[in-house]
Amino acid sequence: GGMPSMQETWEAMEALVDEGLVRAIGVSNVDVAQLCDILTYARHRPSVNQVELHPHLQQRGLVNFCHKVGTQVVAFSPVGRPAQV
């Protein structure tokens, strides 16, 4: 067998919510198309999407979509010299 699909992975994480082992589950670096796909089978919506966001990469469409479907956005920015960001 190869790597599990996103759906298999999401369903495994949902089982952790169902068992009371975690309160919320989320994703990282997921774009609008991937989030739409997850929402077709998710019983528990992603509570958060961690994505790269900074003044030079604002991803407004993704941020707006996340807000529309009730997924919070957590921003990260690469660590490095300020001139590189």
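Not measured: the values here are computed from a predicted model.

Draft legend 1. Just the overall build of the chain, in detail. A count of helical and extended segments in the chain gives three helices and three strands. Seen in sequence order, the chain has helices and strands lined up from the N terminus as α-β-α-β-α-β. Seen through its principal axes, the chain has C-alpha atoms that stretch 45 × 30 × 25 Å. Sequence-distant contacts in the chain: of pairs separated by 6 or more residues, those separated by 24 or more amount to 45%. Working note: accessible area of the chain is about 5800 Å², and carbon and sulfur atoms make up 55% of it. Positive and negative charge centroids in the chain, built from 6 and 8 side chains respectively, lie 13 Å apart.

Draft legend 2. Fine view of the pairing of strand 3 (residues 72-76). Relative to strand 3, strand 2 (residues 48-52) is paired through five bridges, and the arrangement is parallel. By the bridge assignment for strand 3, Glu52 is matched with Phe76. Assessed by its sense of winding, the connection that carries the chain from strand 2 through helix 3 (residues 60-69) to strand 3 is right-handed.

Cut-off values and rules
Residues numbered from 1 in each chain as written. Predicted model: local features only at pLDDT ≥ 70, side-chain atom pairs only at ≥ 80, totals over all residues. Heavy atoms only, no water. Helix = DSSP H or I, 4+ residues; strand = E, 2+ residues; numbered from the N terminus. Contact = heavy atoms within 4.5 Å. Areas by Shrake-Rupley, 256 points an atom, 1.4 Å probe, with all protein chains shown as cover. Lys, Arg positive; Asp, Glu negative; His and termini not counted. Charge placed at Lys NZ, Arg CZ, Asp CG, Glu CD. Pairing = 2+ DSSP bridges. Right-handed = clockwise from strand over helix to strand, strands pointing away.

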